[in-house]
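Remarks on the overall topology
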Amino acid sequence: LTGIPGLQHLHHWISIPFCIMYLVALAGNSTFLCMIKADPSLHLPMFLFLSMLAVIDLVMSTSITPKMLGIFWFHSTAISLDACLTQMYFVHAFSVMESGVLVAMAFDRYVAICNPLRYSSILTSPIVAALGLATLLRAVVFMSPLTFQIRRLPLCSLAVMDHSYCEHMAMLKLACRDAAFSNTYSLSVSTYVVSFDSLLIALSYTLILRAVLSLSSPQACKKAFSTSSSHLCIMALFYIPGLLSMYMERYHQQLPHHVRGGDLLADLYLLIPPAFNPLIYGIRMKQIRDGVRRAISQRR
């Protein structure tokens, strides 16, 4: 792993914001999980989905950041094939899981705003657990075949990736045998996940917007917008950098070398959401702010 191609001379400077974002992600998501566990009033479907999101963000950022900082600080570029495949599996599987949880969160907001009287009967604990299990199984089913396919491909003797983590498209380029099937499979899965999940989220928030605009009470309208806007910010942080990195990979001819493959943007795409998600729903959601105040007052 070479790090960020074209920016090796800036690795030490780049590592500073990356390290800060990782520490913020660790502190923010861990605090959020502890707060939800300790406060019974937060044991609601919305916060259970946010807890899933926090766990996913912790695993996804931890799977790449320590090795990335090792490259930036100590030039520790070597990585074994098994470790590389494990890192690739965790990064992409948990990205698929995060997308599924965002869909579940959009469905949660749809039920809460459009069918508030049936919220507790629709989103019961078994249903929430089933949705979480479904996102996990989908990620395992999609990513396991790709990992096994890459594991069976013979790699060329000079296995060098111009990345700071093991990315599946970069690994396919190292194969000494035709990897057209694996390439097609990975592109198909990525297209399906992004398209299908984005469509469901867009449909949910279209129905939510229509319901919110029909509310006669300005206070109720403001509350609905406040809660939904927090989730929309989280989704924007996850999908927009990912889509931009995909387009940069496709239309790269006139871009600098470190931007052509979306290397820097791909790193930020995996680090920014875990760091900013707790801050966004911690600042914008009243229940979280009230929970923090209660925890502080109890300590005093």
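Note that the structure is a prediction, hence the values are computed from the model and not measured.

Side note on a nonpolar patch on the surface
- Taken together, the side chains of L10, W13, I16 and I20 define a hydrophobic patch exposed on the protein surface, amounting to about 430 Å² of accessible area.
- W13 gets classed as exposed once you look at its relative accessible area, which sits at 64%.

Observations concerning the state of the cysteines
- Enumeration over the complete set of coordinates arrives at 1 disulfide.
- Put simply, C84 and C166 are joined by a disulfide, and their sulfur atoms are 1.9 Å apart. One disulfide, between C84 and C166, carries an S-S torsion of -115 degrees and so falls in the left-handed class. With C84 in helix α3 (residues 81-114) and C166 in the loop between α5 (125-152) and α6 (168-172), this residue pair connects regions lying 82 residues apart in the sequence. Pair check on accessibility: C84 and C166 agree, each one buried.

As for the side chain of D108
- You can see D108 is positioned in helix α3.
- Residues contacting D108, with those up to four places away along its chain left out, are P45, M46, F49, Y119 and L123.

Side note on helix α1 (residues 11-38)
- Helix length check: α1 (28 residues) gives 40 Å between terminal C-alpha atoms against 40 Å at 1.5 Å per residue, within 8%.
- All buried positions along α1 are accounted for by H11, I14, S15, F18, C19, M21, Y22, A25, N29, F32, M35 and I36.

With respect to the UniProt feature "transmembrane region" (unreviewed entry) in the protein chain
- The UniProt record annotates "transmembrane region" (unreviewed entry) at residues 12-35, 47-69, 89-107, 119-141, 192-213, 225-244 and 264-283.
- Secondary structure within residues 12-35 divides into 100% helix and 0% strand; the distance between the first and last C-alpha atoms comes to 35 Å.
- Strand forms 0% of residues 119-141 and helix 91%; the C-alpha atoms that close the span are 30 Å apart.

Some words on helix α2 (residues 45-74)
- With 30 residues, α2 ought to run about 44 Å at 1.5 Å a step, and its terminal C-alpha atoms sit 43 Å apart, in line with that.
- At T62, α2 shows its largest kink, close to 30 degrees, and the proline P66 lies no more than four residues downstream.
- Of all 30 residues in α2, 22 are buried; the element is thus mostly enclosed.
- Count one or two residues on from α2 and you reach H75, which has phi positive near 55 degrees.

Here we look at the side chain of S186
- Residue position: S186 is located in helix α7 (residues 180-213).
- The residues touching S186, leaving out its near neighbours within four places in the chain, are L146, H168, M169 and L172.

Some words on the packing of aromatic side chains
- Across all of its chains, the model carries 6 aromatic pairs by this definition.
- Judged by centre distance (6.2 Å) and plane angle (80 degrees), the ring pair of W73 and F74 falls under edge-to-face.
- A relative accessible area of 35% means that W73 is categorised as partly exposed.
- Since its relative accessible area comes to 62%, F74 is described here as exposed.
- Here Y89 and F90 contribute two aromatic rings whose centre-to-centre distance is 6.3 Å and whose plane-to-plane angle is 80 degrees, an arrangement assigned as edge-to-face.
- One aromatic cluster is present, formed by Y89, F90 and F94 through successive ring pairs.

Definitions and limits used
- Residues numbered from 1 in each chain as written.
- Predicted model: local features only at pLDDT ≥ 70, side-chain atom pairs only at ≥ 80, totals over all residues.
- Heavy atoms only, no water.
- Patch = residues over 30% accessible without salt bridge, like charges linked within 9 Å, V, L, I, M, F, W, Y side chains within 5 Å.
- Areas by Shrake-Rupley, 256 points an atom, 1.4 Å probe, with all protein chains shown as cover.
- Salt bridge = Lys/Arg side-chain N within 4 Å of Asp/Glu carboxyl O.
- Buried < 20%, exposed > 50% of the residue type's maximum accessible area, 1.4 Å probe, protein only.
- Disulfide = S-S within 2.5 Å.
- Helix = DSSP H or I, 4+ residues; strand = E, 2+ residues; numbered from the N terminus.
- Contact = heavy atoms within 4.5 Å.
- Expected span 1.5 Å × (residues − 1).
- UniProt positions renumbered as here; feature names shortened; annotations may be inferred.
- Bend = angle between axes of the 7 residues up to and from the residue.
- Phe/Tyr/Trp six-rings, centres within 6.5 Å; stacked < 30°, edge-to-face > 60°.

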